[in-house]
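Here is what each chain is made of, one letter per residue.
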Amino acid sequence: MKIKENSLKNHDRRTFIKKVLKGTISGSLLLVIPAGADVGKPEVGNGPMKGKQFVFIVDVTRCIGCGSCCVADKREYQVPDGYYRTWVERYIKDIDDEVFVDSPNGGVDGYQEPRTDLKRPVRDTFFIPKLCNMCQKPSCVQVCPVGATFRSPDGFVLIDHERCVGCAYCIQACPYSVRFLHPVSKTAGKCTWCYHRVRKGLLPVCVEVCPVKARKFGDMNDKSSEVYKLLSGPGVITVLKKEMGNKPSLFYKDARREVV
Amino acid sequence: MQSSYNSHVKRIVLAIILFGLVGFATKTFLTPDSFGMYGHYRGDAIDDEAAREMRHMGNSSCLPCHGYEAEAHQKGEHATISCEFCHGPNGDHAKDGKKIGVLAVKEGEEIKVLCLRCHNKAIQARPGEMIKTVAMPEHLEQKKVKTTHLCNQCHYVHAPLKYIKRAEEISGVKGGDS
């Protein structure tokens, strides 16, 4: 009987609670104190990428819907017909504020003809170029089961075509529908903001060929850049589907509220 | 043979160790070297993407060989247009300073289609301050030329107003706006 009393004494309620508290506190400290996850990681690239935060701005008021960007993109990446890394949508608002959106062949052939199937007079027409939003919290990366898509340390969401198994989860996860399954490689494809050009210090090809400077690309950490001036100044700047919480790095200047 | 009292435990422990070793070896073998370098992905994939071949080299790359067109282009109203948009990418034309292919020159109706991609007034979405647009065939009628005329019969494509301005200077007659 003596032994049993002793063991009861050692395991009374007080010591039990103390132990639980100690465990909880030390356990949660592990979560709070960074465990060296980002320490000692090598720097990506050199020169052009160091200390930069790239953003893309589309100035809706400047776009004339010529489709230069779509043509250049298709040629740069030899994208098969019917697939689009970037495309231009035409928005038409009629007198009753009903919105009609079309994008024949993704805008690759330009917009040669006005729409003839609308019953009421047109109030407003404008073009919206679309491309990868380079989300800071990309849902496509979150769903990839094999680690084939990722957000690189320099902020680009890219695809590893060697690891991609073509399951197409990312295509479903992207709120902006910028991804597609490449018919030849059978891996996911999407706009990369011309990562291979940016690494060489050049502009993405769509920005380079835009004749009216509707597409702008630059470094937000460079206070003299045009993108910094646009994003830090007044004016209407929006992102697509803000409520999705993906935090896109693609911004639209002066886009109407109908644009989604 | 009589098995010892703990042989079943030994067998299980051995199986677990073997399973672990095989699993670890397979994982090491199948995981790419650079996996986990920056995160849960293959770090070398970043360099793979960066190593992609560039096919557009920009207007400055056309200048050394096509000096006449390039100079007219830079002085004219079409200065902001990419050469490669109308002609095709550098990647299909030159490599390491050598010509590897001929880019097709737009002819006939193709020219008109190309011009109207930007200059068609019928598409009422082109801000006037951004671009000058014309309605066809009203523009041709107004200029008193045949409606079968192609744009490049009056407009030099690289600098659309070059010869028109010149003609106005010489003749002293203004062609009027649009």
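Residues numbered from 1 in each chain as written. Chains lettered and ligands numbered in written order. Predicted model: local features only at pLDDT ≥ 70, side-chain atom pairs only at ≥ 80, totals over all residues.

Caption draft 1: Focus on the overall build of chain B. The helix and strand tally for chain B stands at 7 helices and 2 strands. When the helices and strands of chain B are read in sequence order from the N terminus, they spell out α-α-α-α-β-β-α-α-α. A compact globule built from 178 residues would reach a C-alpha radius of gyration of about 16 Å, whereas chain B, at 33 Å, exceeds it by more than 25%. Principal-axis analysis of the C-alpha atoms gives chain B an extent of 120 × 40 × 25 Å. Within chain B, buried positions represent 17% of all 178 residues. (Helix = DSSP H or I, 4+ residues; strand = E, 2+ residues; numbered from the N terminus. Rg over C-alpha atoms; globule rule 2.2 N^0.38 Å. Buried ≥ 20, exposed ≤ 12 C-beta atoms within 10 Å, placed from the backbone.)

Caption draft 2: Structural context of the sheet that holds strand E1 (residues 54-59) of chain A. Residue and element names in this part refer to chain A. With mixed pairing, the 4 strands of this open sheet are ordered in space as E9-E1-E11-E10. The open sheet has two free edges, formed respectively by strand E9 (215-219) and strand E10 (237-238), since each of these has just one partner strand. Sheet topology note: the E1/E9 ladder contains 5 bridges and is antiparallel. For valine 58, the partnering residue across the bridge sits in E9 and is arginine 215. (Pairing = 2+ DSSP bridges.)

Caption draft 3: Region of interest: the interface of chain A and chain B. At the junction of the two partners, chain A supplies 41 residues and chain B supplies 35 residues. Elements represented by at least two residues in the side of chain A that touches chain B include exactly helix H3 (68-77), strand E4 (122-130), helix H6 (195-198) and helix H7 (205-209) of chain A. Top contributing element to the side of chain A that touches chain B by residue count: H3 of chain A, with 5 residues. Classifying every residue of the side of chain A that touches chain B by side-chain character gives 19 nonpolar, 12 polar and 10 charged. (Contact = placed C-beta atoms within 7 Å. Nonpolar A, V, L, I, M, F, W, Y, C, P; charged D, E, K, R; others polar.)

Caption draft 4: Inspection of the nonpolar core at higher detail. Residue and element names in this part refer to chain A. With 66 residues, the main nonpolar core has Met134, Val157, Leu158 and Trp193 as its most contacted residues. If one sorts the elements of this core by residue count, E1 sits on top with 5 residues. Ignoring sequence-local partners within four residues, the contact set of tryptophan 193 consists of Phe56, Cys132, Met134, Phe156, Val198 and Pro204. (Core = buried A, V, L, I, M, F, W, Y, C linked by C-beta atoms within 7 Å.)

Caption draft 5: Geometry of the sheet that holds E4 of chain A. All names here are of chain A. The sheet built from 3 strands is open, its strands ordered E3-E2-E4 with antiparallel pairing. The sheet is open, and its two borders are formed by strand E3 (99-102) and E4, each paired with just one other strand. In this sheet, adjacent strand axes meet at a mean angle of 20 degrees when their direction is disregarded. In the sheet, strand E2 (residues 87-94) pairs with E4 via 8 bridges, with the strands oriented antiparallel. (Axes fitted to C-alpha atoms, helices over the stretch in contact; angles between N-to-C directions.)

Caption draft 6: Quick look at the domain arrangement of chain B. If you check the domain split of chain B, you get domain 1 (7-50), domain 2 (53-105) and domain 3 (106-178). Placing the centre of domain 1 of chain B and that of domain 2 of chain B at their C-alpha centroids yields a distance of 50 Å. (Domains from an automatic or database assignment.)

Caption draft 7: Seen up close, unusual backbone geometry. Of the consecutive residues methionine 136 of chain B and proline 137 of chain B, the connecting peptide bond is found in the cis state with omega at 5 degrees. Here proline 137 of chain B shows up in the loop between helix H5 (109-119) and helix H6 (138-142). Its identity is not glycine, yet tryptophan 193 of chain A carries a phi of approximately 55 degrees, on the positive side. Its place among the elements puts tryptophan 193 of chain A in the loop between strand E8 (188-189) and H6. Taking the number of C-beta atoms within 10 Å as the measure of exposure, tryptophan 193 of chain A has 25 and is therefore buried. Residue aspartate 96 of chain B is not a glycine yet carries a positive backbone phi of 50 degrees. Mapping aspartate 96 of chain B onto the fold places it in the loop between strand E1 (94-95) and strand E2 (98-99).

Caption draft 8: Looking closely at the pairing of strand E11 (residues 250-253) of chain A. All names here are of chain A. Across 4 bridges, E1 lies against E11 in parallel orientation. Across the sheet, residue isoleucine 57 finds its bridge partner in E11, namely phenylalanine 251. Taken together, the 2 bridges between E10 and E11 define a ladder with antiparallel strand orientation. Bridged to isoleucine 237 within E11 is lysine 253.

Caption draft 9: Just the pairing of E1 of chain A, in detail. Most of E1 of chain A sits inside the fold, with 6 of its 6 residues counted as buried. Of the two faces of E1 of chain A, the one lined by Phe54, Phe56 and Val58 of chain A and the one lined by Val55, Ile57 and Asp59 of chain A are each fully buried.

Caption draft 10: Seen up close, the environment of glutamine 53 of chain A. Here glutamine 53 of chain A is to be found in the loop between helix H2 (13-32) and E1. If near-sequence neighbours (up to four positions away) are discounted, glutamine 53 of chain A is found in contact with Gly155, Asp219, Met220 and Asn221 of chain A.

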